[in-house]
Amino acid sequence: MATQQEVERILRVDHAGERGAISIYTMQIAVSKYLWPNCVPALEEMLSHEKAHYLIFEAALKKRNARTCYALPFWNFGGAVLGLITALFGPAAIWSCTAAVESTVYKHIQEQIIFLKKHDEDALLAVQAIEADEKSHLEYALNNGGKPARINKIIWAVVSSSTSVAIWLSRRL
């Protein structure tokens, strides 16, 4: 039973994380349309991926009759705030935010894959379905000014720490 609970916990955390990502990108797009229009096409593509990922985890939870994360509103609100603040600081901050989030998420996914390979093929397929997109978001962000240099180090530290705390909190809720 503990294994099944852990699998459901993984799916809940990933579902909530995708909700947060949707909020981040939505807010960054809203600001970037006026201030940084060159960022919008990439952000819109990433947003479309995150919406698809959200639906993957929502379906996986429904299939198991499992509940969503109680922290879902936190992810939604926190993502919107993070998206707004980073977008106001410009493209380097946008891509630093993306790189920091995706770096933390990608490491988390790798840990999940190791566990799920041993315990649950269906959940493994759900996590693997998002892996390539998350890695491509990370690489794009790093290649477009998101590397942790100068002011980006502060953004990177705050965002990756916030993401880690949100993951930790969501595992418990």
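The structure we're discussing is the one just above.
Report on the accompanying structure. Given the structure is predicted, the values throughout are model-derived calculations rather than measurements.

Focus: the nonpolar core
Most often, soluble globular proteins keep nonpolar side chains buried together rather than apart. Counting 23 residues, the largest nonpolar core has Y25, L43, I94 and W95 as the members making the most contacts within it. Mapped by element, the contributors of at least two residues to this core are α1 (2-35), α2 (40-63), α3 (72-89), α4 (91-119) and α5 (121-143). Contact partners of L43, with chain neighbours within four places excluded, come to Y25, Q28, I29, S32, I94 and W95. Among the nonpolar cores identified, the runner-up in size contains 20 residues, and L11, I24, I113 and A126 belong to it.

A look at the pattern of salt bridges
The tally for this structure, following the rule as stated, stands at 3 salt bridges. Between D120 and R64 there is a salt bridge; the shortest N-O distance is 2.8 Å. In this pair, D120 is assigned in the loop between α4 and α5 and R64 in the loop between α2 and α3, connecting sequence segments 56 residues apart. One exposure class covers both D120 and R64, and it is buried.

A closer look at the environment of P41
Its location among the elements puts P41 in helix α2. Measuring from C-alpha to C-alpha, the distance between P41 and I29 comes to 8.8 Å, with 12 residues separating the pair along the chain.

Here's the deal with the packing of aromatic side chains
Applying the stated rule across the entire model yields 1 aromatic pair. With a centroid separation of 5.1 Å and an interplanar angle of 70°, the aromatic rings of W95 and Y140 are classed as edge-to-face. Pair noted here: W95 is in helix α4 and Y140 is in helix α5, with a separation of 45 residues, a long-range link. For W95, a relative accessible area of 4% gives the class buried. We classify Y140 as partly exposed; its relative accessible area is 33%.

Observations concerning the side chain of R12
If you trace the backbone, R12 turns up in helix α1. Buried and unpaired, R12 has E8 as its nearest opposite-charge partner, separated by 4.1 Å. Ignoring anything within four residues of it in the chain, the contact list for R12 reads Q5, L61, R67, T68 and C69.

Each value, and the rule that gives it
Residues numbered from 1 in each chain as written. Predicted model: local features only at pLDDT ≥ 70, side-chain atom pairs only at ≥ 80, totals over all residues. Heavy atoms only, no water. Core = buried A, V, L, I, M, F, W, Y, C linked by side-chain atoms within 4.5 Å. Buried < 20%, exposed > 50% of the residue type's maximum accessible area, 1.4 Å probe, protein only. Helix = DSSP H or I, 4+ residues; strand = E, 2+ residues; numbered from the N terminus. Contact = heavy atoms within 4.5 Å. Salt bridge = Lys/Arg side-chain N within 4 Å of Asp/Glu carboxyl O. Phe/Tyr/Trp six-rings, centres within 6.5 Å; stacked < 30°, edge-to-face > 60°. Lys, Arg positive; Asp, Glu negative; His and termini not counted.

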